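Structural description and commentary
Given next are the chains, with one letter for each unit.
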Amino acid sequence: MAHFDNAKINERIKEIDELSLKENFYSNQREAKKLIDERNNLVENKDTYLSLLKQITDLKQLAFSISVDDFDMAELIYSEISAIFSSIDELRRKVLFSEEYDSLPAILEIHPGAGGTEACDRAQMLLRMYERYCERHHFKYSVIDFLPGEEVGVKSVTILIEGKNSYGLLNGEKGVHRLVRISPFDSNKRRHTSFASVNVTPKFDDSIKIDINPTDLKIDTFRSGGAGGQNVNKVETAVRITHLPSGIVVSSQIERTQLKNREIAMNMLKSKLFELEEKKKKDKLSGIIGEQKNIEWGSQIRSYVFCPYTLVKDNRTNFETTQIDDVMDGDLDNFIDAYLERRVKNNG
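Predicted, not measured: the structure shown is a model, and the values here were computed from it.

1. Some details on the layout of surface pockets
Roughly 360 Å³ of volume is contained in the second largest pocket. Forming the walls of the second largest pocket are 18 residues, and the residues nearest its centre are Asp145, Leu147, Ser156, Arg240 and Ser251. If you list the elements that add at least two residues to the lining of the second largest pocket, you get β1 (106-112), β2 (140-148), β3 (154-162) and β8 (248-252). Ranked by the residues each element gives to the lining of the second largest pocket, the list is headed by β2, at four residues.

See the structure below:
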């Protein structure tokens, strides 16, 4: 694999070491940190790979020394094989999360598309699915912004997800999700198809420097619509910020004070603006921006069919399962792994 070409890895480590010796290396703290993190990851991946090779070599030598009736030695070999499989899995995970922003927290947004009330309910189902996924992986998640549907469900929701490689795991969820089921809102019990879109962006830390002209901002305050303390729906603590030049709109209503919600919204805006700037400079964030599609038929990345049969299928990887209840309860690992493996393969 190209990721473990020792000659290339050693060459890159040497290159970073030489750059770090230059007098102005730390003049740009963000770029310096990126290079240091890259070096650390290269060294860690190389050590893991070399350790795995040694384990395999030791196992071969052990296997040649075993006699047919040496059960103790057989048990030792079984233990060594288990350790090797564990190392292979660790190595595989390192390869899967080799992109620049994979380690960052994720900002996940859900919006209903075609389908009216059914689509708003669909968005609510997706929100629950991702909340269950976070709970399975012990990720911290918080609802930053929530706009309920007119009758049921969700019209718009934004959640912050924090955990190891949370953006790397969830960025493949970006796209349109299609649902086919017998609608509980149809008195004739007919099958309905509805859609909801998911957008995922990384949450950058305070080290990113984005100059924002205050005159470019439209800041609105409103009453929080979520569940909470006694100030909910009484005090305008929620904040919505519109960046007029780009048209980007962000909002937060998770905190009990307007000041804290404004801080969260500004950080979200900085992340989105930084994303756009990086896209302009170089095409590194093409996987983050993704191809923008309408939230309708023919544009879905994944379909969830409840009737007339049960099936969840990802249209990009062709991975599918009939265990739809498990998927809706947050069991997304197989879908996510298939997408990540496809990403690695496509990146060479």
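So much for the structure itself; the text now carries on.
2. So, the nonpolar core
Ile110, Tyr130, Leu269 and Tyr304 are the most contacted members of the largest nonpolar core, which totals 54 residues. With eight residues, helix α4 (residues 117-136) is the single largest residue contributor to this core. Ignoring anything within four residues of it in the chain, the contact list for Tyr304 reads Arg122, Leu126, Met129, His177, Arg178, Leu179, Val180, Leu311, Val312, Ile324, Val327 and Met328.

3. A few points about the pattern of salt bridges
Throughout the structure, instances matching the rule amount to 14 salt bridges. In this structure, Asp329 engages Arg128 in a salt bridge whose closest nitrogen and oxygen atoms are separated by 3.2 Å. With Asp329 in the loop between α8 (324-328) and α9 (333-346) and Arg128 in helix α4, this pair connects stretches of sequence that are 201 residues apart. For Asp329, a relative accessible area of 31% translates into the label partly exposed. As a salt-bridge pair, Arg132 and Asp329 come within 3.9 Å of each other at their nearest N and O atoms. Taken together, the residues Arg132 in helix α4 and Asp329 in the loop between α8 and α9 connect sequence positions 197 residues apart. Salt bridges sharing partners connect three or more residues here, namely Arg128, Arg132, Glu135 and Asp329.

4. Some points on the packing of aromatic side chains
Tallying each qualifying case throughout the model produces three aromatic pairs. Between Tyr133 and Phe139, the ring centres sit 6.3 Å apart and the planes meet at 75°, which makes this aromatic pair edge-to-face. Considered together, Tyr133 and Phe139 belong to a single accessibility category, that of buried residues. Geometrically, the ring pair formed by Phe319 and Phe335 is edge-to-face, given 4.9 Å between the ring centres and 85° between the ring planes. Placement of the pair is Phe319 in the loop between β10 (311-314) and β11 (320-321) and Phe335 in helix α9, with a sequence separation of 16 residues. According to the relative accessible area criterion, Phe335 is buried, its value standing at 2%. The aromatic ring of Phe222 is capped on one face by Arg240, whose charged end is 4.4 Å from the ring centroid.

5. Looking at α9
Between the first and last C-alpha of α9 there are 20 Å, a value that for 14 residues agrees with the 20 Å anticipated at 1.5 Å per step. Of the residues making up α9, those classed as buried are Phe335, Ile336, Asp337, Ala338, Tyr339, Leu340, Arg343 and Val344.

6. As for the sheet that holds β2
Ordered by their spatial adjacency, eight strands build an open sheet running β2-β3-β1-β5-β4-β9-β10-β11, and the pairing between neighbours is mixed. Only two strands of the sheet have a single neighbouring strand rather than two, namely β2 and β11. With four bridges connecting them, strand β9 (residues 300-305) and β10 associate as antiparallel partners. Residue Tyr304 lies in a different strand from β10, and its bridge partner there is Val312. Contacting β1, β2, β3, β4 (175-182), β5 (191-202) and β9, α4 runs over the sheet at an angle of about 50° to β5.

7. Digging into the confidence of the model for the protein
Residues at a pLDDT of 70 or more form 78% of the protein, whose mean pLDDT is 81. Counted against residues more than four places away or in other chains, residues 227-233, with its pLDDT under 50, gives ten contacts.

Calculation rules
- Residues numbered from 1 in each chain as written.
- Predicted model: local features only at pLDDT ≥ 70, side-chain atom pairs only at ≥ 80, totals over all residues.
- Heavy atoms only, no water.
- 1 Å grid on protein atoms, 1.4 Å probe; cavity = no way out; pocket = protein on both sides within 12 Å on 5 of 7 lines; lining within 4 Å.
- Points joined across faces, edges and corners; volume = space filled by probe spheres on them.
- Helix = DSSP H or I, 4+ residues; strand = E, 2+ residues; numbered from the N terminus.
- Core = buried A, V, L, I, M, F, W, Y, C linked by side-chain atoms within 4.5 Å.
- Buried < 20%, exposed > 50% of the residue type's maximum accessible area, 1.4 Å probe, protein only.
- Contact = heavy atoms within 4.5 Å.
- Salt bridge = Lys/Arg side-chain N within 4 Å of Asp/Glu carboxyl O.
- Phe/Tyr/Trp six-rings, centres within 6.5 Å; stacked < 30°, edge-to-face > 60°.
- Lys NZ or Arg CZ within 6 Å of the ring centre and 35° of its normal.
- Expected span 1.5 Å × (residues − 1).
- Pairing = 2+ DSSP bridges.
- Axes fitted to C-alpha atoms, helices over the stretch in contact; angles between N-to-C directions.
- pLDDT = per-residue confidence, 0-100.

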